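Listed below are the residues making up each chain.
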Amino acid sequence: MADWNTRLEVKLGDRTITPISNFTPTFNVPHTVIHSLEQDGTGYVRQPFTFTFTLTVPAIAQTVADLTELAVTGTEFAITVAEKRGTDWAFNAIKFARCMVTSASPSNIVIDGVPQANFTCMALTATMED
């Protein structure tokens, strides 16, 4: 039984990005069902898959500057979500390769608390390690 004392870490290249407020990956593998005049659901066509993720980072971190530079220059990067310690998670690591920042939106400056910067990214390749 999992005790959920572990945490995930996110790496940009070889460097661990900290702190991260939120990391949300999305996998889209669409299929279109093929019908015929004689029968429904005779097969399917697999459409191209897409992998996207959003990353929320406190605007005071160096990571914001690094991700903003990658966005402005259009530079591809790789990002890995990995298990830091323990065995509670269903996977050891997910690596997103050939990533691009598609949009960046810093938050409003607030009187109390830390402003957050949101980055929406796409990955052309994703691999998983069990």
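Residues numbered from 1 in each chain as written. Predicted model: local features only at pLDDT ≥ 70, side-chain atom pairs only at ≥ 80, totals over all residues. Heavy atoms only, no water.

Concerning the pairing of strand β9 (residues 116–129)
Relative to β9, strand β6 (residues 50–58) is paired through 8 bridges, and the arrangement is antiparallel. Bridging from a neighbouring strand, Val57 pairs with Ala117 of β9. Bridge count between strand β8 (residues 93–106) and β9: 12 bridges; the pairing is antiparallel. Residue pairing in the sheet places Met100 in a bridge with Met122 of β9. (Pairing = 2+ DSSP bridges. Helix = DSSP H or I, 4+ residues; strand = E, 2+ residues; numbered from the N terminus.)

Remarks on the nonpolar core
Formed by 24 residues in total, the largest nonpolar core has its most connected members in Phe23, Phe53, Phe77, Ile79, Phe96 and Phe119. When residues of this core are traced back to their parent elements, those giving at least two are β1 (8–12), β6, α1 (62–73), β7 (77–83), β8 and β9. With residues near it in sequence (within four places) discarded, Phe53 still touches Phe23, Thr24, Pro25, Phe77, Ile79, Phe96, Cys99, Phe119, Thr120 and Cys121. (Core = buried A, V, L, I, M, F, W, Y, C linked by side-chain atoms within 4.5 Å. Buried < 20%, exposed > 50% of the residue type's maximum accessible area, 1.4 Å probe, protein only. Contact = heavy atoms within 4.5 Å.)

Considering α1
Helix length check: α1 (12 residues) gives 17 Å between terminal C-alpha atoms against 16 Å at 1.5 Å per residue, within 8%. Positive phi shows up at Gly74, right after α1, with a value of about 70°. (Expected span 1.5 Å × (residues − 1).)

Points about unusual backbone geometry
The phi angle at Arg98 is positive, at roughly 55°, despite the residue not being glycine. Take Arg98: it is sitting in strand β8. Accessibility expressed as a relative area gives 44% for Arg98, which makes it partly exposed.

What about the state of the cysteines?
For the structure shown, the criterion picks out 0 disulfides. Counting only cysteine sulfurs, Cys99 is the nearest neighbor of Cys121, a cysteine outside any disulfide, at a range of 6.8 Å. (Disulfide = S-S within 2.5 Å.)

Examining the environment of Pro25
Along the chain, Pro25 turns up in strand β3 (residues 22–28). For Pro25 and Cys121, which are 96 residues apart along the polypeptide, the C-alpha to C-alpha distance reads 9.4 Å. Those residues in contact with Pro25, other than ones at most four positions away along the chain, are Thr52, Phe53 and Phe96.

Re the packing of aromatic side chains
Within the structure shown, the criterion is met by 6 aromatic pairs. When the centroid spacing of 6.3 Å and the interplanar angle of 55° are considered together, the rings of Phe23 and Phe96 count as tilted. One end of the pair, Phe23, is in strand β3; the other, Phe96, is in strand β8, with 73 residues separating them in the sequence. Each member of the pair, Phe23 as well as Phe96, carries the same accessibility label: buried. When the ring of Phe49 is compared with that of Phe51, the centres are 5.0 Å apart and the planes differ by 50°; the resulting orientation is tilted. Overall, the relative accessible area of 11% leaves Phe51 in the buried class. (Phe/Tyr/Trp six-rings, centres within 6.5 Å; stacked < 30°, edge-to-face > 60°.)

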